[in-house]
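Structural description and commentary
One-letter residues, chain by chain:
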Amino acid sequence: MNRLKPEFVLRLSLAAMYLYSGIDIFTNPKSWTWAVPLWLKTFLVNLTTETDYYLILFLKVQASGELIIAVAFLLWFLPPKLVKWLALISASEMGLILIFTGVDSITFRDFGLLGASLAIFLIYREQH
């Protein structure tokens, strides 16, 4: 019987999270404007007279990136080197969220996601 590998669980878990958030951000971007740092939100809103245009565009680009990461974590045939760098991008995103969104009632979740992303990076760094 094959042993369940830790990277399988980590990749599947992160893929599920990124699929959920990516789909929800893409289909309901206005409900995610709270997650955009105030300085960035202000900058994006002031770019045009169409109040939310660039803010919504930013969130849809963010959602697209998260969906790409989700699919990449699910594709087991991808080169390990690519997965390693995607995990580092994921960890960077979680780190930036922790830095720029601040501490609130869901901060604990971001620490776990940061740890999972770093674990995948370290596993693939050691292997490849």
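Right, let's walk through the structure included here. Keep in mind that what you see is a predicted model, and the values were worked out from it rather than measured. Once a new chain begins, its residue numbering starts again from 1 and follows that chain's sequence as written. For a predicted model such as this one, the threshold for reporting local features is a pLDDT of at least 70, and the threshold for listing and counting side-chain atom pairs is 80 or more; totals across whole chains, interfaces and linings nevertheless cover every residue. Computation of side-chain values covers all heavy atoms of the structure but excludes hydrogens and water.

1. A few points about a nonpolar patch on the surface
Only residues above 30% relative accessible area that lack a salt bridge enter a patch, with like-charged residues linked at up to 9 Å and the nonpolar side chains Val, Leu, Ile, Met, Phe, Trp and Tyr linked at up to 5 Å. Accessible areas in this description were obtained via Shrake-Rupley with a 1.4 Å probe; residue shielding takes into account the shown protein chains only. By definition, a salt bridge exists where a carboxyl oxygen of Asp or Glu is found within 4 Å of a side-chain nitrogen of Lys or Arg. A cluster of nonpolar side chains, contributed by L4, F8, V9, L12, L74 and W76, occupies part of the molecular surface with about 520 Å² of accessible area. Sort the elements by how many residues they give to the nonpolar patch and helix α1 (residues 6-27) lands first, with three residues. Numbering goes from the N terminus for both helices and strands, where a helix is a DSSP run of H or I of at least four residues and a strand is a run of E of at least two. Structurally, the position occupied by L74 is in helix α3 (residues 53-74). Buried, partly exposed and exposed residues are distinguished by accessible area as a fraction of the type maximum, computed with a 1.4 Å probe on protein chains only: under 20%, between the cut-offs, and over 50%, respectively. Given a relative accessible area of 30%, L74 falls into the partly exposed group.

2. Quick notes on helix α4 (residues 80-101)
In this model, α4 (22 residues) spans 31 Å end to end at C-alpha, consistent with the 32 Å of a helix rising 1.5 Å per residue. For α4, every residue scored as buried is listed here: V83, K84, L86, A87, S90, A91, E93, M94, G95 and L98. Immediately downstream of α4, the backbone of G102 shows phi near 90 degrees, a positive value. The span you would expect from a helix comes to 1.5 Å times its residue count less one.

3. Some remarks on the environment of L114
Topologically, L114 is positioned in helix α5 (residues 107-127). Linking L114 and L98, residues 16 residues apart in sequence, is a C-alpha distance of 9.2 Å. Apart from residues lying up to four places away in sequence, L114 is in contact with A91, M94, G95 and L98. Contact definition: two residues touch when any of their heavy atoms are within 4.5 Å.

4. Side note on the layout of surface pockets
Site definitions follow a grid-based scheme: protein atoms alone, a 1 Å grid, a 1.4 Å probe that fits but cannot get out for cavities, and for pockets an open set with protein on both sides within 12 Å along at least five of seven lines, plus lining residues having an atom within 4 Å of a point. Grid points are joined across faces, edges and corners, and a volume is the space filled by probe spheres set on the points. Computed from the structure, the largest pocket encloses a volume of approximately 620 Å³. Lining the largest pocket are 28 residues, and of these A35, Q62, E66, E93 and I97 sit closest to its centre. Elements that contribute at least two residues to the lining of the largest pocket include exactly α1, α2 (38-45), α3, α4 and α5. The greatest single-element share of the lining of the largest pocket, amounting to six residues, is contributed by α4. In terms of residue class, the lining of the largest pocket is made up of 18 nonpolar, five polar and five charged. Classification used: nonpolar for Ala, Val, Leu, Ile, Met, Phe, Trp, Tyr, Cys and Pro, charged for Asp, Glu, Lys and Arg, polar for all others including Gly.

5. Details of the environment of V45
Relative to the elements of secondary structure, V45 occurs in helix α2. According to the relative accessible area criterion, V45 is partly exposed, its value standing at 21%. As for V45 and L96, which are separated by 51 residues in sequence, their C-alpha atoms are 21 Å apart. Apart from residues lying up to four places away in sequence, V45 is in contact with T51, D52 and L55.

It is worth stressing that arrangement in space is one thing and function is another; only the former is reported here.
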